[in-house]
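Structural description and commentary
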Amino acid sequence: MRKPIIAGNWKANLTLREAATLIHQLKGSCDTDAADVVVCPPFTALAAVAPLLKGSRIALGAQDVFWEAAGAFTGEVTPPMLVDVGCRYAIVGHSERRTQFGESDEVVRRKLQAALAHGLTPIVCIGETLAQREAAQTLDVLTRQLDGALGGSPPDICRRLILAYEPVWAIGTGKHATPEQAQEAHRAIRQWVADRCGPEAGAAIRIQYGGSVTAANAAGLLQQPDVDGALVGGASLKAEAFGAIIKAAAGTGAASPP
Ligand code: PGA
């Protein structure tokens, strides 16, 4: 059975004071063993949030990571720095990084390799644009992104990461994928993993859905057999909404067959 994993991507939001308030409010709603919960604050808030999570079940993640361990790379934050501050996860290849900061599949590959080398669990994001979906290219795009990020790696890599299917047209738009659209993409992604890394890895890998997940639509998405959690942007900034999404995940986790 795959344990659902819900991650909150705060993006470029929240001051230290606001972050502390949100964590305080969240702690009450995250006391479940039926789902893994991660928050990904901006880099500036990681050191402040880490101690606030002590004694809770919420894990810390970063929104990005650099591919080198240290050196003359102005502005970058490296895997050992993230480990040092208490991160266990790092988002890699978010579509906002790909489209607004020019990250290629090769950059995504280097970042996820570096994260893994230092013991971080990468959350690797893939997804198609609206134009690509309308041109019936969705599954081709996903395959290309998976090949680009994971191709050439030893097959056991699939056991050490989390994938997030995030259709670009659904991110921050209020227009989420239907449960059927999500399931179709997730099934194809799982098949890619099974083909590339073996059937056991295909069955074990956790694939999150991301893109306008809310308290209202989470249950329908999370009930799909190949949807193993959510990567949540806007709704992760509100304790009530994020808490409701976690509860929906915990419910589906508990209801899934062993
Ligand atoms: P959203 O963002 O939930 O605000 O659409 C999701 C994401 O970008 O990870």
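The following refers to the structure shown. (Residues numbered from 1 in each chain as written. Predicted model: local features only at pLDDT ≥ 70, side-chain atom pairs only at ≥ 80, totals over all residues. Heavy atoms only, no water.)

Bringing the pattern of salt bridges into the picture now. Counting across every chain of the model gives 16 salt bridges. Between Glu106 and Arg109 there is a salt bridge; the shortest N-O distance is 3.0 Å. You can see Glu106 and its partner Arg109 sitting in helix α5 (residues 105–117), 3 residues apart, about one turn around the helix. In this structure, the salt-bridge partner of Asp226 is Arg190, at a minimum N-O distance of 2.5 Å. (Salt bridge = Lys/Arg side-chain N within 4 Å of Asp/Glu carboxyl O. Helix = DSSP H or I, 4+ residues; strand = E, 2+ residues; numbered from the N terminus.)

Bringing α5 into the picture now. When the terminal C-alpha atoms of α5 are compared, their 18 Å separation across 13 residues agrees well with the 18 Å that a helix rising 1.5 Å per residue should span. Within the sequence span of α5, burial applies to Asp105, Val107, Val108, Lys111, Leu112, Ala114, Ala115 and Leu116. Note on α5: the residue one or two positions beyond its end, Gly119, has a positive phi of about 85°. (Expected span 1.5 Å × (residues − 1). Buried < 20%, exposed > 50% of the residue type's maximum accessible area, 1.4 Å probe, protein only.)

Taken together, 13 residues sit near the ligand, with Lys11, His94, Glu166, Gly172 and Ser212 positioned nearest. Take Gly172: an N or O atom from its main chain is 2.6 Å from an oxygen atom of the ligand. Within the backbone of Gly233, a nitrogen or oxygen atom sits 2.8 Å from an oxygen atom of the ligand. Summarising the interface, the protein chains cover 95% of the accessible area of the ligand, which totals 280 Å² for the free molecule. (Near = heavy atom within 4 Å. Polar contact = N/O pair within 3.5 Å; in protein donor to acceptor, adjacent residues only side chain to side chain. Areas by Shrake-Rupley, 256 points an atom, 1.4 Å probe, with all protein chains shown as cover.)

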